[in-house]
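Report on the structure
The primary structure of each chain is shown beneath.
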Amino acid sequence: MAANKSPGYDEASRAARYVLSHSKIRPRVGVILGSGLSGVLGRLREADRIPYRKIPFFPKTSVAGHAGVLHLGNWGKVPVAVLEGRMHLYEGYRPAQVAFPTRVLARAGVRTLVVTCAAGGIAPAASPGSFMFFRDHLNYQGANPLAGPHDSRWGERFVDVSEAYDARLRREARRAARACGVKCFEGVYVALLGPSYETPAEIRALRCLGADAVGMSTVPEVLAARQAGLRVLAIATISNRAAGISRTPLSHQEVLSVGKKTGRDLARLLDALMPKLGEA
Ligand code: HPA
């Protein structure tokens, strides 16, 4: 692969072969963990840990709270691959690099992807500690991992994202949240480039555009997953009220510490949901 070329289909296939040769697990469900949400890892049994730096062509992570380890294990009866640590556009990665781990999971046999992230709450229902299941998104990152030279082995060039987030999984997720006593709602996520948080004026504008929660991730992975034909459930854990709505300054520390608590709720939610996730 040329030094300045983004990793493509052949590289993802090689990375997937490497992963599968280092574990007996044949994952059907993939989970991408957002900032501070590593608490769910305690649920995996017989887990193999593969550091990203050992996987061919995997980009490296740099943000505090993002470890950079792929875990393969059984969650209940379901074989699962968990990406602990993600790449963000604001770190300077190209969109195709951000989407690469998702594509590797697809090549490794994953059929259903759960993408999680921390987000700022814009809608009144979006209180810190609550969960938002994505109904739709606004991509305001100014980038798309499907842009650039097209390799038809990934899927279509012009991907239909009118139903990017699986309606049945959303329904099951709401049911599971009710059963666990976790506060949740469905809404629209707006993805911005970051890494600065938004201004109060930006949040007012985003609210008018229909955004319920704001973050700096998730959309690139979802677009790559949909192109590869995966079912997608995306969950934002609301760590703070967005700028101008919050009375206190925003901080990454706050995002991480709220994440720790919501991580426990997320683990309980996924416990209840995993049999459904494993069905496809
Ligand atoms: N804005 C953007 N990203 C975030 C926020 C926020 O308020 N909270 C957690 N991630």
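Every chain's residues receive numbers from 1 upward, in the order its sequence appears when written. Side-chain atom pairs in this predicted model are given and counted only at pLDDT of 80 or more, local residue features only at pLDDT of at least 70, and totals for whole chains, interfaces and linings cover all residues. To obtain the side-chain values, all non-hydrogen atoms of the structure were included, while hydrogens and water were left out.

Section: the packing of aromatic side chains
Quick reminder of the rule: Side-chain rings of Phe, Tyr and Trp (the six-membered ring for Trp) are treated as a pair once their centres are within 6.5 Å; stacked means planes under 30 degrees apart, edge-to-face means over 60, and tilted covers the remaining angles. Distance and angle both matter: a charge sits over a ring if NZ of Lys or CZ of Arg is within 6 Å of the ring centre and within 35 degrees of the ring normal.
Inspection of the entire model under this criterion finds five aromatic pairs. Aromatic rings pair up to connect Tyr52, Phe58 and Phe100 into one cluster. Directly above the ring of tryptophan 154 sits arginine 103, whose terminal nitrogen or CZ lies 4.6 Å from the centroid.

Let's talk about the site of the ligand
To keep it simple, the criterion reads: Think of it this way: one heavy atom of a residue within 4 Å of a molecule or strand is enough to make that residue near it. We call two N or O atoms a polar contact when they sit within 3.5 Å, provided that within protein one can donate a hydrogen and the other can accept it, with sequence-adjacent residues counted only if both atoms are side-chain atoms. All accessibility values rest on the Shrake-Rupley procedure with a 1.4 Å probe; residue burial counts only the protein chains present in the view. In DSSP terms, a helix is any run of H or I states spanning at least four residues, a strand is any run of E spanning at least two, and both are numbered starting from the N terminus. Nonpolar residues are Ala, Val, Leu, Ile, Met, Phe, Trp, Tyr, Cys and Pro. Charged residues are Asp, Glu, Lys and Arg, and all others, Gly as well, are polar.
Close to the ligand lie Ala118, Ala119, Gly120, Tyr197, Glu198, Val214, Gly215, Met216, Ser239, Asn240, Leu250 and Val255, which account for all nearby residues. With respect to the ligand, the side chain of glutamate 198 contributes an N or O atom lying 2.8 Å from a nitrogen atom. Measuring from a nitrogen atom of the ligand, one finds a side-chain N or O atom of asparagine 240 at 2.7 Å. For the ligand, the accessible surface in isolation is 260 Å², of which the surrounding protein chains cover 95%. Those elements that place two or more of their residues in the shell around the ligand are β5 (112–121), β8 (213–215) and β9 (231–241). Per element, the largest residue contribution to the shell around the ligand is three residues, and it comes from β5. For the shell around the ligand, the residue count by class is seven nonpolar, four polar and one charged.

With respect to the environment of phenylalanine 185
Of note, phenylalanine 185 is situated in strand β7 (residues 184–192). On a C-alpha basis, the gap between phenylalanine 185 and proline 275 in space is 21 Å, while along the polypeptide they are 90 residues apart.

Description of the packing of helix α2 (residues 95–107) against helix α5 (residues 219–227)
Counted only if it meets this: Throughout, an axis means a line fitted to C-alpha atoms (over the contacting stretch in the case of helices), and angles, computed between N-to-C directions, take values from 0 to 180 degrees. If an angle is under 35 degrees, it is roughly parallel; if it is over 145, roughly antiparallel; if it lies from 65 to 115, roughly perpendicular; otherwise it is oblique. Each crossing gets its hand from how the near helix is turned against the far one by less than a right angle, where anticlockwise is left-handed and clockwise is right-handed. Working rule for contacts: check all heavy atoms of both residues, and any pair within 4.5 Å makes them a contact.
Following both chains from N to C, one finds α2 and α5 inclined at 45°, their axes separated by 8 Å at the closest point. Considering their axes alone, α2 and α5 lie oblique with respect to each other. In this structure, the crossing between α2 and α5 has a hand that is right-handed. Residues Val98, Ala99, Thr102 and Arg103 of α2 form the contact with α5, whose own contacting residues are Pro220, Glu221, Ala224, Ala225 and Gln227. Counted by class, the contact of α2 with α5 contains five nonpolar, two polar and two charged residues.

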